[in-house]
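Survey of secondary and tertiary structure
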Amino acid sequence: MTFHGIFIKIITGKPILSSLKYGHSSSALAGGYDATIGANPQTPLQFFTLPGNTCPYAQRTHITLNELGLPFDITEVTGVPKPDWYLKINPRGKVPAIRVPTADYSVIYESAICNEFLCDYASSMKQEQTLLPMTPFTRAKIRLLNDHCDNVYGKTHFTYLMNKDDAKDETLRNEMEEALKHYEDALVESGGPYLLGKDFTLADLHVYPFIQRLVVTLKHWKDYELPSDKFPKLVEWADTCNQRES
């Protein structure tokens, strides 16, 4: 798993250099291209992301696509504000978004919704998948963990990272670590190696991009490293996730 974006994936899921052009257009898909008129209608799924796939929210959906082994085409969206052609696809102008040409160009956006849709899409094609199990209690656990990421951990991480007042750093760091303890406890309870046990699920890939960025950004800006004495299971989990091909 990487967010460096050296490679991107298209229809077959095979890596090609991002500077290459795509089969359904004579233009590289780098933001100016109007994907609303040039898309190949035979493309099963279209995935919209930022250049280099650097957005952690879009990274979630990119991982989901790769884990499920679904064929997809990728379009990079550039510009602030987003170009008009993309606002026709997603009025919020955010990534990720998924468009399904074979289903009357239906559009799904917001990463958590995209990821559940993709799991259900795979299941509808009789494809076995363990990212989002069918059991209601397991699905509820996944959604609660994801809610914690979005509404608790993510906020504490960002607040600590952006803080410029050294006097507040210790308090904000403690708040972030308290939020991270939720994942350490989940790994202890499940027995690992993943948050819900033996299977890698949407709960893991939902928080993984942010833990990945914690390692990079907080080391650089705060000289902070995830303490292995406080979070032995979480450190091991991150290493296990790093080794997945997706």
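These figures come from a predicted structure and were not determined experimentally.

Within the chain, the regular secondary structure consists of 8 helices and 6 strands. Along its sequence from the N terminus, the chain presents helices and strands in the succession β-β-α-β-α-β-α-β-β-α-α-α-α-α. A buried classification covers 47% of the 246 residues belonging to the chain. In the chain, the share of contacts with a sequence separation of at least 24, taken over all contacts with a separation of at least 6, comes to 70%. A total accessible area of about 12500 Å² is found for the chain, and carbon and sulfur atoms account for 56% of it.

Because each turn of an α-helix spans 3.6 residues, side chains separated by three or four positions in sequence point in the same direction. Here helix 7 (residues 202–222) spans 29 Å end to end across 21 residues, near enough to the 30 Å set by a 1.5 Å rise per residue. Two residues or fewer after helix 7 comes Asp223, characterised by a positive phi angle close to 55°.

One finds Leu45, Tyr153, Leu180, Tyr183, Leu195 and Trp237 to be the most contacted residues of the largest nonpolar core, which totals 59 residues. Among the elements that take part in this core, helix 7 stands out by supplying 9 residues, more than any other. Those residues in contact with Leu45, other than ones at most four positions away along the chain, are Leu65, Leu70, Pro71, Phe72, Asp73, Ile98, Arg99, Val100, Phe117, Leu118 and Tyr121.

Before going further, it helps to spend a moment on the packing of helix 5 (residues 136–162) against helix 6 (residues 166–190). At a minimum axis separation of 8 Å, helix 5 and helix 6 run at an interaxial angle of 155°. Taken as axis vectors, helix 5 and helix 6 run roughly antiparallel relative to one another. Judged by the twist between their axes, the crossing of helix 5 over helix 6 is left-handed. Residues Leu145, His148, Cys149, Val152, Tyr153, Thr156, His157, Thr159 and Tyr160 of helix 5 touch helix 6, and the partners they reach there are Asp169, Leu172, Arg173, Glu175, Met176, Ala179, Leu180, His182, Tyr183 and Ala186. Its residues assigned to classes, the contact of helix 5 with helix 6 comprises 11 nonpolar, 5 polar and 3 charged.

Oppositely charged side chains can pair when the atoms bearing their charge come close. With the rule as written, the count across this model stands at 11 salt bridges. With a shortest N-O distance of 2.8 Å, Arg244 and Glu67 are connected by a salt bridge. With a gap of 177 residues between them, Arg244 in the segment after helix 8 (232–242) and Glu67 in helix 2 (residues 56–68) connect regions that are remote in the sequence. Of the residues examined, Glu67 reaches a relative accessible area of 25% and is grouped as partly exposed. The salt bridge partner of Asp169 is Lys222, with a shortest N-O separation of 3.0 Å. Here Asp169, found in helix 6, pairs with Lys222, found in helix 7; they are 53 residues apart in sequence, far enough to count as distant. Its relative accessible area of 14% is what places Asp169 among the buried residues.

Of the two faces of strand 4 (residues 73–76), the one carrying Asp73 and Thr75 and the one carrying Ile74 and Glu76 are both buried. Two strands pair when backbone bridges link them, and strand 3 (residues 46–49) and strand 4 are joined in this way by 4 bridges, in the parallel orientation. The partner of Gln46 across the bridge, within strand 4, is Asp73.

On to the environment of Gln42. Its location among the elements puts Gln42 in the loop between helix 1 (35–38) and strand 3. A relative accessible area of 61% places Gln42 in the exposed class. Sequence separation between Gln42 and Pro101 is 59 residues; the distance between their C-alpha atoms is 7.0 Å.

The packing of two helices is summarised by the inter-axis angle and the distance between the axes. Viewed as axis vectors pointing N to C, helix 6 and helix 7 meet at an angle of 155°, and their least axial separation amounts to 13 Å. Considered as vectors, helix 6 and helix 7 are oriented roughly antiparallel to each other. In this structure, helix 6 crosses over helix 7, and the sense of that crossing is left-handed. Where helix 6 approaches helix 7, its residues Asp169, Met176, Leu180 and Tyr183 are matched on the opposing element by Val207, Ile211, Leu214, Leu218 and Lys222. Residues that form the contact of helix 6 with helix 7 fall into these classes: 7 nonpolar, no polar and 2 charged.

Rules used in this analysis
Residues numbered from 1 in each chain as written. Predicted model: local features only at pLDDT ≥ 70, side-chain atom pairs only at ≥ 80, totals over all residues. Heavy atoms only, no water. Helix = DSSP H or I, 4+ residues; strand = E, 2+ residues; numbered from the N terminus. Buried < 20%, exposed > 50% of the residue type's maximum accessible area, 1.4 Å probe, protein only. Contact = heavy atoms within 4.5 Å. Areas by Shrake-Rupley, 256 points an atom, 1.4 Å probe, with all protein chains shown as cover. Expected span 1.5 Å × (residues − 1). Core = buried A, V, L, I, M, F, W, Y, C linked by side-chain atoms within 4.5 Å. Axes fitted to C-alpha atoms, helices over the stretch in contact; angles between N-to-C directions. Parallel < 35°, antiparallel > 145°, perpendicular 65-115°, else oblique. Left-handed = near helix turned anticlockwise from the far one by under 90°. Nonpolar A, V, L, I, M, F, W, Y, C, P; charged D, E, K, R; others polar. Salt bridge = Lys/Arg side-chain N within 4 Å of Asp/Glu carboxyl O. Pairing = 2+ DSSP bridges.

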